[in-house]
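Each chain is listed here by its residues.
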Amino acid sequence: MTRVAIIGSCVTRDAFRPEDADEWEISAYYARSSLASAMSEPAFVGVDLDGIDSAFQRRIVQADLAKELPGFLAADDSDLIVYDPVDERFDLLRDPASGAVCTYSAELTRAARIPETERIRSGSPEFMELWEAGWTRFVEALDRRGRRSALRVNAARWAAAVDDGSDLPDAYPPAFVASSNAFLDRLYARMRADLAPEQFIEPGEDEIVACRDHKWGLSPFHYVPGFYASLRAGLRSSLGRATPRRWAFEGFGDRHVVDVVDSRRDGDVLDVALRLTGWAQLTYVAVGVVVGGVYHRLILTAVEQDQDLRLHVPCDLLVDAAGGGAAQGDVTAVRLYVSGVPGPAGAHLDVARAELADATTVSQDEGVLRVHGWHRRYQLPIAESTTVDEFTPAPGLVALYPVDVADMRLWTLAGRRRGRRLAVGFHGAADRSTTEYPDFEHVTSRKEAPWSFLLLCDATLVQDAEMGLGWFLGSAETDLIDVVEQLTARMARLTGASEVAVTGGSGGGFAALQLSGRMPRSIALVFAPQTVLWRYHEDDWARASAAVFGHGDPTADLRIQERASVIPRYLRGTTNLVDYVINQGDTHHVVEHCAPFAGLFGLDARGGRSRDGRVQILPIDLGDGHLPVPRELFEDRLVRAFERLEATPRQDGGPDLSEDLWRATAAR
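As the structure is a computational prediction, the values presented were derived from the model and not from experiment.

### Quick word on helix α10 (residues 507–518)
Then step 1. When the terminal C-alpha atoms of α10 are compared, their 18 Å separation across 12 residues agrees well with the 16 Å that a helix rising 1.5 Å per residue should span.
Then step 2. In terms of burial, α10 is largely enclosed, as 12 of its 12 residues are buried.
Then step 3. Buried residues of α10: Gly-507, Gly-508, Gly-509, Phe-510, Ala-511, Ala-512, Leu-513, Gln-514, Leu-515, Ser-516, Gly-517 and Arg-518, and no others.

Shown next as structure tokens:
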């Protein structure tokens, strides 16, 4: 028997009939409660439940008011948790004094007394913000117990047709049904960023039909019997397909091996889905196969715990300990190897899938790291190339992601993690005679940091084998900062980031100022950047401008001025913050680059903060010359930059950065 906890509505509950009692058991049913309310604090008080005659209706309203769902999730051991968002159609009420929210359900309206509140309309930007916060807390509650893989989403939509060909009631005109479905689609899109595709039970179009004779009456969310049969079948199928196997580890050992011998062992791609929880230390995870007693594997570092990790690895990329290629012969096991120390309460490895498959049949779902190669310098996998619109780093893993853009390939290195911080980093000048392309800065520290990151390698450099500094200009036709802005927007949307720190030194600092200046709710952390490129060393500017624009005279083309100087953008006015770190012994950058920028804000290169508090000039003493910033100083300033950004109130009271950026880039 499968035990099911339902968080949603009759859209899910009606699928489980009395005659199904031998197969399904309903362990809990939380209805008429938005996640925005159910997963919030504090409790909503002052409601007199007299007037709600039904014991069931009183109970579900009380559960919403008292916020009982988190306590249930902390102890639940159901086989499946099924969520449907149909009851997110109800508005929210908020107590202006306590900030507590509740769901303004039809059942709540029957209460004898409801305190004076403000009403938040379902589907509004404020509602979406509260719902997403509730969704995040919901997933985090599941993750605390390694239960995310038990979640299924009943991805229902409102029906626009009735089974007998008649019309829906007047309360549900076609425009209302369409807008409600658009709202549901927004919710499902957000959920897909955190869940595997097999966790969604998708009804067919021929099943999304209202039933004239439904026991609860005619409405767009009371369906024909085929809808509920399809839901049961989908749950049954997903249970067998996605429920992970669990291995437990304890003690102080740091080498832990799992051999999966009952999986498919014939194919050219290794298909793996796993989750790690409870590890006090994780050095790396290896995935691979055993052939002739020898382990051939690919090593993954900087993996995130409490996250579903999914990847496809071609077998010809699996190597033995000496670096040799995968041997020919029969595979006797798919082996997973964890180098790490279990926590005091023990650690777990949950494996939803570990098998070989044919390259032509493996899933093409988003969120899967499809490995295409291996980078020896960074010891990281290289993902298949992608376009800007398809750029989707895999959750919980770190890899190189080449992005094809019109006339160039932009190399990125990304780690997608949970949290509201995103660090974007540009590199400075490179010695092309000694530096391997692609080149990134602060890779080790970004891998060790707890937040998401996106590092960029300057594609401008490929236009001239001797060019060491291209300032991320791109080409005459393609402004590379435009592309990076779009990638940052996608990364912020995928991670839910609300704060972005854009970092860079020297030439990378120029790019950081350009990018951050376009983005609301961001901070540029720059170290002795160039700010006006034609005021830098003549040979470097001439080589780059000739390769990009065909000439080196910025006065000949206003577009070159805009792309080769940060002054015009900041002179017009920006909304980002700037932490400008300048070595006082770097005379050229103090005089030619810091002073003109600082002057825009009534400052000079000796330090200070602008009147509105947005721009800081931060002097340091590293000695004479244009010197690299020590790692300790960089990391300290980055943490301070995030803290300053987080402590700065929004000026417009608008949506989070991810929404701001997505709207801005979509309009371009």
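### Some words on helix α3 (residues 55–66)
Then step 1. For α3, which comprises 12 residues, the first-to-last C-alpha distance of 16 Å matches the rise-based estimate of 16 Å (1.5 Å per residue) to within 8%.
Then step 2. Considered for burial, the residues of α3 that qualify are Ile-60, Val-61, Ala-63, Asp-64 and Leu-65.
Then step 3. Elements in contact with the buried residues of α3: β2 (24–31), α2 (35–38) and β5 (101–104).
Then step 4. The backbone nitrogen of Phe-56 lies 3.3 Å from a side-chain oxygen of the residue at the head of α3, namely Ser-54.
Then step 5. Where α3 ends, the next residue or the one after it, Lys-67, has phi of about 60°, a positive value.

### Side note on the pattern of salt bridges
Then step 1. Counted by the stated rule, this structure contains 47 salt bridges.
Then step 2. Between Asp-20 and Arg-232 there is a salt bridge whose closest N-O contact spans 3.9 Å. One end of the pair, Asp-20, is in the loop between α1 (10–13) and β2; the other, Arg-232, is in helix α7 (residues 225–242), and 212 residues separate them in sequence. Accessibility assignment for this pair places Asp-20 and Arg-232 in one class, buried.
Then step 3. A salt bridge links Glu-485 to Arg-518; the shortest N-O distance between them is 3.0 Å. Remark: Arg-518 occurs in helix α10 and Glu-485 occurs in helix α9 (residues 480–495); sequence separation between them is 33 residues. For the pair Glu-485 and Arg-518, a shared accessibility class is recorded, and that class is buried.
Then step 4. Through salt bridges that share partners, Asp-143, Arg-148, Arg-275, Glu-304, Asp-308 and Arg-418 make up one connected network.

### As for the packing of aromatic side chains
Two aromatic rings are characterised by how far apart their centres lie and by the angle between their planes.
Then step 1. Tallied over the full model, the rule gives 28 aromatic pairs.
Then step 2. An angle of 20° between the planes, with centres 5.8 Å apart, marks the rings of Tyr-29 and Phe-56 as stacked. Of this pair, Tyr-29 sits in strand β2 while Phe-56 sits in helix α3, and the two are 27 residues apart along the sequence.
Then step 3. Pairing Phe-527 with Phe-634 gives two aromatic rings, centres 5.7 Å apart and planes at 40°, and the pair type is tilted. Of this pair, Phe-527 sits in strand β25 (residues 522–527) while Phe-634 is found in helix α15 (residues 631–647), placing the two residues 107 residues apart along the sequence.
Then step 4. Overall, Phe-634 belongs to the buried group, its relative accessible area being 3%.
Then step 5. The ring of Phe-200 carries Arg-192 above its face, with NZ or CZ at 4.3 Å from the centroid.
Then step 6. Looking at Arg-335, its charged tip hangs above the ring of Tyr-295, at a distance of 5.3 Å from the centre.

Definitions and cut-offs
Residues numbered from 1 in each chain as written. Predicted model: local features only at pLDDT ≥ 70, side-chain atom pairs only at ≥ 80, totals over all residues. Heavy atoms only, no water. Helix = DSSP H or I, 4+ residues; strand = E, 2+ residues; numbered from the N terminus. Expected span 1.5 Å × (residues − 1). Buried < 20%, exposed > 50% of the residue type's maximum accessible area, 1.4 Å probe, protein only. Contact = heavy atoms within 4.5 Å. Polar contact = N/O pair within 3.5 Å; in protein donor to acceptor, adjacent residues only side chain to side chain. Salt bridge = Lys/Arg side-chain N within 4 Å of Asp/Glu carboxyl O. Phe/Tyr/Trp six-rings, centres within 6.5 Å; stacked < 30°, edge-to-face > 60°. Lys NZ or Arg CZ within 6 Å of the ring centre and 35° of its normal.

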